[in-house]
Amino acid sequence: MRAEFPEFRLGSVLATSFTGTLSERHGSAVERIPAPHRLVDWLEVNGLAVDSCTAAQLGLARELRESIHAAATAAARHDTLPVSAVHVISDRSAQGRAAAILTPEGRRRWRLSSPSCVEDALGVIAADAIGIIAGERDGRLALCASPTCRAAFFDTSQSRTRKWCDMNTCGNRQKKARFQANRRRSPGSEPA
């Protein structure tokens, strides 16, 4: 993958990982799929390899990403789902023609209708979003506690009390800020 772009934030849930391709939504937004080839990279990392992507397909992907984010955010807040987001997610799911296949290792993989069909990959992502938003999977939708992030994530922790979309980024950043604030308030805590 190309080093000149921000790293992907990968999670264990396809749909919410996809929404993470735009992070820090309430701060200095970081676009992780700024060009069609970056969407190809992201799809490959997530087991949905395609050969190519057009600017129009990237536009469809971003529209789906934002629709999933809007619907997942509403679901996490127990608000009414935005009608336009529901339509986009449902349409992308219906337009995809991917098949789940079982590997000899007992894992699910996706077979797209053709090596260049980004729409099939988007259909898989949309179907995953439908499953988590509809409450069909064990876990809960939550919003990152970071005021600059507020990403929707799927919490599968045993207690369902996770606060951060990613402990290595948002969680660490918040803990570091609290630590530094506490050090400033305690003047005697400076090393000698």
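Q: Describe the environment of Ala-126, listing the residues and the values that go with them.
A: Following the sequence through the fold, Ala-126 ends up in helix α5 (residues 118-133). Its relative accessible area of 0% is what places Ala-126 among the buried residues. Spatially, the C-alpha atoms of Ala-126 and Ala-15 are 7.0 Å apart, while their sequence positions differ by 111 residues. The residues contacting Ala-126, other than those within four sequence positions of it, are Leu-64, Ile-89, Arg-92 and Ser-93.

Q: Residue-level account of the side chain of Asp-155, with values.
A: Along the polypeptide, Asp-155 turns up in strand β6 (residues 152-155). Under the relative-accessibility criterion, Asp-155 is labelled buried at 0%. Among the polar contacts made by the side chain of Asp-155, one reaches the main-chain amide nitrogen of Thr-161 at a distance of 3.1 Å. A polar atom in the side chain of Asp-155 sits 3.0 Å from the backbone nitrogen of Arg-162.

Q: Before we move on, could you go through the environment of Pro-82 and cite the residues and values that matter?
A: Relative to the helices and strands, Pro-82 is located in the loop between α3 (55-76) and α4 (83-95). Take Pro-82: its relative accessible area is 27%, and that puts it in the partly exposed class. Taking the C-alpha atoms as reference points, Pro-82 and Ala-70, separated by 12 residues in sequence, lie 7.0 Å from one another. For Pro-82, the residues in contact, after removing those within four places along its chain, are Ala-70, Ala-71 and Ala-74.

Q: Give me the nonpolar core: which residues, what numbers.
A: Core analysis: the largest hydrophobic core is formed by 37 residues, its most contacted members being Phe-18, Leu-39, Leu-43 and Ile-125. Elements with a contribution of two residues or more to this core: α1 (14-19), α2 (36-45), α3, α4, α5, β5 (140-143) and β6. With 9 residues, the top contributor of residues to this core is α5. Setting aside anything within four residues of it in sequence, one finds Ile-125 in contact with Leu-14, Ala-15, Phe-18, Trp-42, Leu-43, Leu-48, Leu-64 and Ile-68. Among the nonpolar cores identified, the runner-up in size contains 8 residues, and Ala-142, Cys-144, Ala-151 and Phe-153 belong to it.

Q: Describe in detail the packing of aromatic side chains, supporting the description with residues and values.
A: Inspection of every chain in the model, using the stated rule, returns 1 aromatic pair. Aromatic side chains Phe-18 and Trp-42 sit 5.0 Å apart centroid to centroid with 55 degrees between the ring planes, which places their arrangement in the tilted category. Placement of the pair is Phe-18 in helix α1 and Trp-42 in helix α2, with a sequence separation of 24 residues. A single burial state applies to Phe-18 and to Trp-42, both of which are buried.

Q: Before we move on, can you summarise the side chain of Ser-23 with the specific residues and values?
A: Inspection of the secondary structure puts Ser-23 in strand β1 (residues 22-23). Look at Ser-23 and you get buried, because its relative accessible area is 3%. A polar contact is formed between the side chain of Ser-23 and the side chain of Arg-32, at a distance of 2.9 Å. Setting aside its immediate chain neighbours within four residues, Ser-23 contacts Arg-9, Ser-28, Ala-29, Val-30 and Arg-32.

How each quantity is defined
Residues numbered from 1 in each chain as written. Predicted model: local features only at pLDDT ≥ 70, side-chain atom pairs only at ≥ 80, totals over all residues. Heavy atoms only, no water. Helix = DSSP H or I, 4+ residues; strand = E, 2+ residues; numbered from the N terminus. Buried < 20%, exposed > 50% of the residue type's maximum accessible area, 1.4 Å probe, protein only. Contact = heavy atoms within 4.5 Å. Polar contact = N/O pair within 3.5 Å; in protein donor to acceptor, adjacent residues only side chain to side chain. Core = buried A, V, L, I, M, F, W, Y, C linked by side-chain atoms within 4.5 Å. Phe/Tyr/Trp six-rings, centres within 6.5 Å; stacked < 30°, edge-to-face > 60°.

Read these as geometric descriptors, not functional statements.
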